[in-house]
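# Coordinate analysis (summary)
Given next are the chains, with one letter for each unit.
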Amino acid sequence: MNLELFCCSGGMTEGFKRAGIRFHVAIDADPDGCDSHERNVGLRPIRIDVRDLIRMARAGWRPDGAVDLVVADPPCAMWSRAGKRGGTADDRCTLEATAELIGILRPRAYLIGNIPGLDDGVNLPVVQRVIGGLARHGYCTADFARLDAADFGVPQHRVRPFWFGHRGVRG
């Protein structure tokens, strides 16, 4: 089973679809994002805040079947170079919640995307603690790339950082 968190209007979903990967469950808390996703992709996301999903997972909820892939694009305003850069102190920050949910669900692999800013040196301690911290759950956390959407057929330059992790053979 593949799960997408913070699916918004479906841009990431479409890219994965073109690569032959389908999401079985999509989640987003924003009603407008859910409406857009359903119109663009044809799949109605479950409207829930990831923090509520964590509370459910802590209480024992699990999706049907093993989770193969979690793709997450958590809200990024708190990391934006154009904003106040409140980071994890910003109430809207769900990066830590994303990592916790990955640790609970234990997918074979995860991909976390965000905006330029999270990958800046000033935020490196957060990235190391939160995303790098997934290593304690058995994930290889060393894979990082900055990708430009224009290199994948999008008619604009949009460089974004991505962190990929996967469990070891015995994970």
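Now for a quick tour of the structure. (Residues numbered from 1 in each chain as written. Predicted model: local features only at pLDDT ≥ 70, side-chain atom pairs only at ≥ 80, totals over all residues. Heavy atoms only, no water.)

### Here we look at the pairing of strand 5 (residues 109-113)
Note the cut-off: Exposed residues in this analysis have more than 50% of their type's maximum accessible area, buried residues have under 20%, and partly exposed residues fall in between, with area computed by a 1.4 Å probe over protein chains only. The way it works is that DSSP assigns letters per residue, a run of H or I at least four long becomes a helix, a run of E at least two long becomes a strand, and they are numbered from the N terminus. Here, a strand pair is defined by DSSP locating no fewer than two bridges between the strands.
By the criterion of burial, strand 5 is predominantly enclosed, with five of the five residues buried. The side-chain alternation of strand 5 yields two buried faces, one formed by A109, L111 and G113 and the other by Y110 and I112. Sheet analysis places strand 4 (residues 69-72) next to strand 5, joined by four bridges and oriented parallel. Bridging across to strand 5, V71 finds its partner in L111. Of the strand pairs in this sheet, strand 5 and strand 7 (residues 159-167) are connected by five bridges, and their pairing is antiparallel. Note that in strand 7 the partner of I112 across the bridge is W163.

### Here's the deal with helix 4 (residues 95-105)
Note the cut-off: For this analysis, residues touch if any pair of their heavy atoms sits within 4.5 Å.
Helix 4 sits mainly inside the fold: eight of its 11 residues count as buried. Within the span of helix 4, buried status applies to L95, A97, T98, A99, L101, I102, G103 and L105. Looking at the packing, one finds that the buried side of helix 4 touches strand 1 (2-5), helix 3 (50-58), strand 4, strand 5, helix 5 (124-130) and strand 6 (139-148). Looking at the residues trailing helix 4, positive phi occurs at R106, about 50°.

### Observations regarding the nonpolar core
Note the following rule: We define a nonpolar core as any set of buried Ala, Val, Leu, Ile, Met, Phe, Trp, Tyr and Cys residues linked to one another through side-chain atoms lying within 4.5 Å.
L5, L95, L101 and Y110 are the most contacted members of the largest nonpolar core, which has 30 residues in total. The element that contributes the greatest number of residues to this core is helix 4, accounting for six residues. Apart from the residues lying within four places of it in its own chain, the contact partners of L101 are L5, V50, L53, I54 and A57. Residues M12, F23, V71 and A109 belong to the second largest nonpolar core, which totals eight residues.

### Quick look at the packing of helix 3 against helix 4
Two packed helices can be described by the angle between their axes and the distance between those axes. We apply this condition: A fitted line through C-alpha atoms serves as each axis, taken over the contacting stretch for helices, and the angle formed by two N-to-C directions is quoted from 0 to 180°. Roughly parallel means an angle under 35 degrees; roughly antiparallel, over 145; roughly perpendicular, 65 to 115; everything else is oblique. The sense of a crossing depends on the near helix, which, turned anticlockwise from the far helix by less than a right angle, makes the crossing left-handed and, turned clockwise, makes it right-handed. For this classification, Asp, Glu, Lys and Arg are treated as charged, while Ala, Val, Leu, Ile, Met, Phe, Trp, Tyr, Cys and Pro are nonpolar and the rest, including Gly, are polar.
Their axes nearest at 10 Å, the elements helix 3 and helix 4 cross at an angle of 30°. In terms of their interaxial angle, helix 3 and helix 4 are classed as roughly parallel. Seen along the crossing, helix 3 lies across helix 4 with a hand that is left-handed. Of helix 4, the residues touching helix 3 (which contributes V50, R51, L53, I54, A57 and R58) are A97, E100, L101 and I104. Looking at the contact of helix 3 with helix 4 residue by residue, the classes come out as seven nonpolar, no polar and three charged.

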